Amino acid sequence: MSDDLRNLVLVLAACVLAAALGWFLRSALWRRTLGRKQRFFGLPKDSECLLVVPRDPGSRGWSLARHDAFALLELAAVIKECGAHAEVLAHDTAWQGFGARTEFCIGGPAANHRLAAHLRSMLPGIVIDTDPAPGPDQGAITVGGQTYRMEKGTVEYVLLARLAAARDSGNERPVFLSSGQRGIANQAATRYLARHHARLARKHGGDSTFCLLLKVVNSQSYGSDVVELVADVTKPALAAPPAGSSAGGEKVSPRAQSPAT
């Protein structure tokens, strides 16, 4: 074998080895990233999760409001990438505990009774005005001594929470809540969760509880695309409810009415 042919064989062998090593490293990195994502969402391969949503008040049958459907689409990509399976349930048919399966609960407490129950039991420091009558405090969120009021189409707030089940319960799947002042805010929160889950996991831990207050800016022009983090309200949300408010953060008893979309 001539020197030129030998050098050519060595170069080809080095290229094949480098390509194989690069493929192995990329595969290992992808598996590691996917594993972190599955852990954060509580969605190992072939697991099941619940998508709990309110009914569309404008429909006679069981159907979704437009922005709630968009919110589910944001989550569908996450669930598919994790290799999990989803079941969509109306809020008044999800009669089961939490922790056995990952749950994504979408909608305000007036429209989603299961979400209202989660707020009462796990985030008692949050107060949400559920009075359906129009007024400056309609849908207002109070947490940590601050009240956040909606300016429809200009500023809307939404709570995004990850609630971790107790480790000693044997059920360790998390519950994700998106409780917005309007349907478009819920869509914005689920998009924020899907896009920033890696950063949230690094900051808060892959299996911990957190509660964030987000602001949707100028939705009448930008839709659900412009979202700002207002504050991490985990500590006050987990604290005892303010004096004079009902447990679970409902300032007014909810009626069977969905927030404006």
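Residues numbered from 1 in each chain as written. Predicted model: local features only at pLDDT ≥ 70, side-chain atom pairs only at ≥ 80, totals over all residues. Heavy atoms only, no water.

Draft legend 1. Seen up close, the nonpolar core. Among the nonpolar cores identified, the biggest contains 29 residues, and Phe-41, Leu-43, Ile-79, Phe-104 and Leu-193 are the most heavily contacted of them. Only helix H1 (3–41), strand E1 (48–53), helix H2 (66–82), strand E3 (102–106), strand E7 (155–163), helix H4 (183–204) and strand E9 (210–217) provide two or more residues apiece to this core. Here this core gets 7 residues from one element, more than from any other, and that element is H4. (Core = buried A, V, L, I, M, F, W, Y, C linked by side-chain atoms within 4.5 Å. Buried < 20%, exposed > 50% of the residue type's maximum accessible area, 1.4 Å probe, protein only. Helix = DSSP H or I, 4+ residues; strand = E, 2+ residues; numbered from the N terminus.)

Draft legend 2. Inspection of the pairing of strand E8 (residues 175–180) at higher detail. Within E8, 6 of the 6 residues are buried, which leaves the element mostly enclosed by the surrounding structure. Neither face of E8 is left uncovered, since the one carrying Val-175, Leu-177 and Ser-179 and the one carrying Phe-176, Ser-178 and Gly-180 both have all their residues buried. Here 4 bridges tie E3 to E8, and the two strands are oriented parallel to one another. The partner of Ile-106 across the bridge, within E8, is Ser-178. Note: E7 against E8, 6 bridges, orientation antiparallel. Bridge pairing in E8 links Leu-163 to Val-175. (Pairing = 2+ DSSP bridges.)

Draft legend 3. Structural context of the side chain of Asp-68. Mapped onto the elements, Asp-68 comes out in helix H2. As a buried residue without a salt bridge, Asp-68 has its nearest oppositely charged side chain in Arg-66, at a separation of 10 Å. The residues contacting Asp-68, other than those within four sequence positions of it, are Pro-54, Ile-106 and Asn-186. (Lys, Arg positive; Asp, Glu negative; His and termini not counted. Salt bridge = Lys/Arg side-chain N within 4 Å of Asp/Glu carboxyl O. Contact = heavy atoms within 4.5 Å.)

Draft legend 4. Just unusual backbone geometry, in detail. Of note in the backbone geometry, Asp-46 takes a positive phi value of approximately 70 degrees without being a glycine. Looking at the element boundaries, Asp-46 is found in the loop between H1 and E1. Positive phi, close to 50 degrees, is recorded for Asn-218, a residue that is not glycine. As for its position among the elements, Asn-218 is in the loop between E9 and helix H5 (219–222).

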